[in-house]
Number of protein chains: 2
Amino acid sequence: MNVVMLLYPNMTQLDLTGPFEVFSSVKQFNVHLVWKTLEPVRDTHGLTILPTVTLQQSPQADILFVPGGPGQLALMEDQQILTFLRQQAEGAQYVTSVCTGSLVLAAAGLLSGYRATSHWLSLEQLAYFDVEPVNQRVVVDGNRVTGAGVTSGIDFALTLLGKIRGPEEAKMVQLRMEYDPAPPFVGGSPASAEIELVDRIRTTTQVFQQQRQAVSEKVAKKVRK
Amino acid sequence: MNVVMLLYPNMTQLDLTGPFEVFSSVKQFNVHLVWKTLEPVRDTHGLTILPTVTLQQSPQADILFVPGGPGQLALMEDQQILTFLRQQAEGAQYVTSVCTGSLVLAAAGLLSGYRATSHWLSLEQLAYFDVEPVNQRVVVDGNRVTGAGVTSGIDFALTLLGKIRGPEEAKMVQLRMEYDPAPPFVGGSPASAEIELVDRIRTTTQVFQQQRQAVSEKVAKKVRK
């Protein structure tokens, strides 16, 4: 099976590297990291990763995957990328994302009519695209499988692996990765966090989130036509 | 604060990319990815990352960090790397690792007399180096902070961040990363996993684990002299 994972400038690297760890440890999966060129791609915080194939070189994806991050805004208006995703999605067994990667899939028209999730700060923006936002860590709707914010990528990938290769193989990967998480603090989601901290994050990200919303609204008008 | 994270061929990338996501999101932290050259470094499963500094260019670490992975065996006998780690550790506030990175620190003599952890398959090998193996996800002993296998890197980094910048800042990072894990299966540690799956992993990794043990025994003799 070919796993085609999109890389792009200013992505959030853990959205991708979490699922990469799961998928790349499966013998039957060939993982490809795809971008426009083979030049190094820098994430939003300075981790630079090399693509393994260009858009043109990419094999047909069995699993198509898009991570999130601030760079997602540019992708939502990038016709070359949106066309690539649409073409790949036609032949893919699963069309998937983590974090705000779901907004890119939505911008390509690939989530219309589906239920999906995203990072909690951006979840509601899915509704612009005729997508039902679901406040859940991993959402499976037909062959669309989406994960919530950043770290949910590990839960997402193990869930998908369990569907494809069966629970036993997914459990083996989970055990090899020693995935027995023990967050040192309570409050990893808005539901469990102190309301003051949720508010502070909303305030400090407000300007960027308004930009993101403006792009979503603008692009959604074209998608819904 | 300078966070100096060692990259090396055949590391396990998530050991590093989990903590990178935490540390790189903190304004007061400058994260450096260090290796012998600036050439791309390929992890054990095909993710290729660019170093940001060479050993010679590296600033003095405030946090010194070593990830694990199969490539750790070669590092344990690499005098250039062991010397670098010893020199850096002298001026560092924290000397840290995830997974079998602790065996590299031990090989450099940096964990002698301390309590520490490692991946569950390799935990007992720490004892060769006069280190007390602790079966715990994150172990803090003085300024030595070690994490268990692979995914524990996220718990490790949030714990360390909480110590350095206070729990509130660590909680903010946790919430932004939506770290509210929900493993899809029970059994992410040998204590909770089906015994048959634990045995199967022990069997399939036996040859490599014997190599790892032989290197640990050999290197430990020199360290204990």
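Residues numbered from 1 in each chain as written. Chains lettered and ligands numbered in written order. Predicted model: local features only at pLDDT ≥ 70, side-chain atom pairs only at ≥ 80, totals over all residues. Heavy atoms only, no water.

As annotated in an unreviewed UniProt entry, chain A is DJ-1/PfpI family protein from Limnobaculum parvum.

Student: Would you mind going over the pairing of strand S10 (residues 138-141) of chain A with me for this structure?
Tutor: When a strand is regular, its side chains alternate between the sheet's two faces. Residues and elements named next belong to chain A. Sheet analysis places S10 next to strand S11 (residues 144-147), joined by 4 bridges and oriented antiparallel. Among the inter-strand pairings, Val140 is bridged to a residue of S11, identified as Val145. Taking the residues between adjacent antiparallel strands as the criterion, S10 and S11 are bridged by 2 residues, where Gly142 takes a positive phi near 60 degrees. (Pairing = 2+ DSSP bridges. Helix = DSSP H or I, 4+ residues; strand = E, 2+ residues; numbered from the N terminus.)

Student: Just checking my understanding: could you explain the UniProt feature "domain: DJ-1/PfpI" (unreviewed entry) in chain A for this structure?
Tutor: Per the UniProt record, the feature "domain: DJ-1/PfpI" (unreviewed entry) sits at residues 2-161 of chain A. This span, residues 2-161 of chain A, is 28% helix and 24% strand, and a straight line between its end C-alpha atoms measures 13 Å. (UniProt positions renumbered as here; feature names shortened; annotations may be inferred.)

Student: I'm lost on the pattern of salt bridges in this one. Help?
Tutor: Should the charged atoms of two oppositely charged side chains come close, the side chains can pair. Residue and element names in this part refer to chain B. In this structure the tally under the stated criterion is 14 salt bridges over all chains. Note that Lys36 is salt-bridged to Asp78, the shortest N-O span being 2.5 Å. Taken together, the residues Lys36 in the loop between strand S2 (30-35) and strand S3 (41-42) and Asp78 in the loop between helix H2 (72-75) and helix H3 (79-91) connect sequence positions 42 residues apart. Take Lys36: its relative accessible area is 26%, and that puts it in the partly exposed class. A residue is classified by how much of its surface remains accessible, and Asp78, at 16% relative accessible area, is buried. With a shortest N-O distance of 3.1 Å, Glu169 and Arg165 are connected by a salt bridge. By relative accessible area, which is 34% here, Arg165 ends up partly exposed. (Salt bridge = Lys/Arg side-chain N within 4 Å of Asp/Glu carboxyl O. Buried < 20%, exposed > 50% of the residue type's maximum accessible area, 1.4 Å probe, protein only.)

Student: When you look at the sheet that holds strand S5 (residues 53-54) of chain B in this model, what are you seeing that I'm missing?
Tutor: Hydrogen bonds between backbone atoms are what pair the strands of a sheet, whose relative direction is either parallel or antiparallel. Residues and elements named next belong to chain B. Spatially, the 7 strands line up as an open sheet ordered S5-S2-S1-S6-S7-S11-S10, and their pairing is mixed. Because the sheet does not close on itself, it has two edges, and the strands there are S5 and strand S10 (138-141). In terms of strand pairing, strand S1 (residues 2-6) meets S2 through 5 bridges, oriented parallel. Residue pairing in the sheet places Met5 in a bridge with Leu33 of S2. Running at roughly 155 degrees to strand S6 (residues 63-66), H3 makes contact with S1, S2, S6 and strand S7 (94-98) of the sheet. Against the sheet, helix H5 (residues 152-165) touches S6, S7, S10 and strand S11 (144-147), its axis set at about 160 degrees to S7. (Contact = heavy atoms within 4.5 Å. Axes fitted to C-alpha atoms, helices over the stretch in contact; angles between N-to-C directions.)

Student: Explain the relation of the copies chain A and chain B to me, please; I cannot follow it from the model alone.
Tutor: For the pair of chain copies, the relating operation is a rotation around an axis with a shift along it. Expressed as a screw operation, the relation of chain A to chain B combines 0.0 Å of axial shift with a rotation of 180 degrees, fitting to an RMSD of 0.0 Å. Here the copies are linked by what is in effect a two-fold axis. If distances are taken from each C-alpha of chain A to the rotation axis, the shortest is found for Ile49 of chain A, at 2.3 Å. (Least-squares fit on C-alpha atoms with pLDDT ≥ 70 in both.)

Student: What am I meant to see in the environment of Phe208 of chain A here?
Tutor: All names here are of chain A. Within the fold, Phe208 resides in helix H8 (residues 206-224). The class of Phe208 is partly exposed, set by a relative accessible area of 27%. Residues Phe208 and Pro70, spaced 138 residues apart in sequence, show a C-alpha to C-alpha distance of 8.6 Å. The contact partners of Phe208, leaving out residues within four places of it in the chain, are Pro70 and Leu73.

Student: Please explain unusual backbone geometry as it appears in this structure.
Tutor: Across the chain, the bulk of peptide bonds are trans and the bulk of non-glycine residues have phi less than zero. Residue and element names in this part refer to chain B. Even without glycine at this site, Cys99 takes up a positive phi of about 60 degrees. Since its relative accessible area comes to 4%, Cys99 is described here as buried. Backbone geometry places Val150, a non-glycine residue, at a positive phi of 25 degrees. Tracing the backbone shows Val150 in the loop between S11 and H5.

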